[in-house]
Amino acid sequence: SIVLISFLFKMHTGKLLKKQAEQLKSHNKIFNKYICSSRTNTQGVITSVSDAFCQCTGYSADELISKKHNILRDIETPKQIYKDIWMTISSGHTWQGNLKNRKKDRSEYWVNIIIYPVFDQKRNILYYESIVNDITLEKVLESFNEKLEAQVKEKTKELEKLAMTDKLTGIFNRVKLDSNLESNYDYFNEFGENFSIILIDIDNFKNVNDTYGHQVGDIILKEVTSQIQSHIRSTDVLGRWGGEEFLIICPKSDSTTGYTLAQKLRKSIENYSFSRVGKLTICAGICDIKSTNDLEKMVSFADTALYDAKHSGRNNVLKYGDIL
């Protein structure tokens, strides 16, 4: 009976071991087919690769075995990354990260890779195993999204610029000027920093349009813009207020400073020879915020000064309150 029991036990154990061996073989087959993995010796030489690894790289097992992984290296990947990988795994630690590689046909592909050392019982490194996950599609989508996001940002900047730029002259429009005036006014209320404005009008501009046509008029507006831009400070803000009127916002300046600048602009325009029309002049009205403590009044007072300048012989500059 003891012999029989022993015989039956051996049969059962044999069947169990055979079943486990078949299961292990099946698992290995699945692993080999679907999991990208490789093994290298302690010198980093490839000793085995899975079928999935070969499919991923385009190389056959024979082409990979006895080579090092630098056969897959992309030239743009810094050498320091590979040094870091080797230092990590050779010191007994696991390294994980993303790498861009090159297939046999030199097409690029991205992988997330885990490399870990395998030890013997005395904690000596026997070899290194790597498990690789192809993330090329993820990287392509990531790159596409980054480019799309950059294009959206660039388009948004263009639209924002269009929204605040005068199409003809390329300087700020009334919307942007109003916004900048508000910002300077808020700064004045919080810190007491004075600022002035210069309101400019081209003398007899209607005659230019009537005599030479609007195309010439547009050229004159551009030339006046260029003349003004070449004489104002880098901190000054120039915009087209409307029609043939321009507004300059001068931070950290009073009416006297604004007057000095306006006179320089008046002389520059007076001495310039414009396309087709020859000589032109301008008038300007100036006011600063401390004269009114009110933004709307400051603009209104600068407009009044401009009106007085134009009706006092033209080619004139006046601060609010001045009398010619």
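Please refer to the structure placed before this passage.
In this report, we go over the structure that sits alongside the text.

What counts and how
Every chain begins its residue count from 1, and numbering advances along the sequence as written. In keeping with the predicted nature of the model, local features appear solely for residues at pLDDT of at least 70, side-chain atom pairs appear and are counted solely at 80 or more, and the whole-chain, interface and lining totals rest on all residues. Water and hydrogen atoms play no part in the side-chain values, which are based on all heavy atoms of the structure. Among buried residues, those of type Ala, Val, Leu, Ile, Met, Phe, Trp, Tyr and Cys that are joined through side-chain atoms within 4.5 Å constitute a nonpolar core. The buried label applies to any residue whose accessible area, calculated with a 1.4 Å probe on protein chains only, is under 20% of its type's maximum; exposed applies above 50%, and partly exposed to all values in between. Helix numbering and strand numbering both begin at the N terminus, where a helix is a DSSP run of H or I of at least 4 residues and a strand a DSSP run of E of at least 2. Contacts were defined at the residue level, with two residues in contact if any of their heavy atoms lie within 4.5 Å. Polar contact is the term for a pair of N or O atoms within 3.5 Å; when the atoms are in protein, one must be able to donate a hydrogen and the other to accept it, and sequence-neighboring residues count only if both atoms are side-chain atoms. Two strands are said to pair when DSSP picks up at least two bridges between them. Orientation is described by axes fitted as lines to C-alpha atoms, over the contacting stretch for helices, and by angles from 0 to 180 degrees between their N-to-C directions. We define a salt bridge as a contact between a side-chain nitrogen of Lys or Arg and a carboxyl oxygen of Asp or Glu at a distance within 4 Å.

Across soluble globular proteins, nonpolar side chains have a tendency to be buried as a group. Membership of the largest hydrophobic core comes to 27 residues, with the highest contact counts inside it found for I198, I200, I220, I228, F246 and I248. Looking at this core, the element that brings in the most residues is helix α8 (residues 214–229), giving five residues. Dropping the residues within four chain positions of it, I200 is found in contact with I228, E244, E245, F246, I248, L265, I282, C283 and A284. Y185, C287, A305 and L306 belong to the second largest nonpolar core, which has 22 residues in total.

Turning our attention to the side chain of D74. As for its placement among the helices and strands, D74 is situated in the loop between α3 (61–64) and α4 (79–90). By relative accessible area, D74 is classed as buried at 0%. A polar side-chain atom of D74 sits 2.4 Å from a polar atom in the side chain of R102. In contact with D74, not counting residues within four places along its chain, are Y82, K100, N101 and R102.

Time to look at the sheet that holds strand β6 (residues 195–202). Neighbouring strands of a sheet are bound in pairs by backbone hydrogen bonds; such pairs are parallel or else antiparallel. Strands sit in the order β7-β8-β6-β9-β10 across an open sheet of five strands; the sheet is mixed. Bordering the open sheet on either side are β7 (237–242) and β10 (317–319), each of which pairs with just one other strand. When the angles between neighbouring strand axes are averaged without regard to direction, this sheet yields 20°. Note that β7 and strand β8 (residues 245–251) share five bridges and pair antiparallel. Note that in β8 the partner of L238 across the bridge is I248.

Another aspect to go through is the pattern of salt bridges. In the structure shown here, the tally under the stated rule is 18 salt bridges. Notably, a salt bridge pairs D166 with R240, separated by 3.4 Å at the nearest N-O pair. In this pair, D166 is assigned in the loop between α5 (136–164) and α6 (174–191) and R240 in strand β7, connecting sequence segments 74 residues apart. The class of R240 is buried, set by a relative accessible area of 16%. Shared partners join several salt bridges into a network, and the residues in it are D74, E76, K100, R102 and E108.

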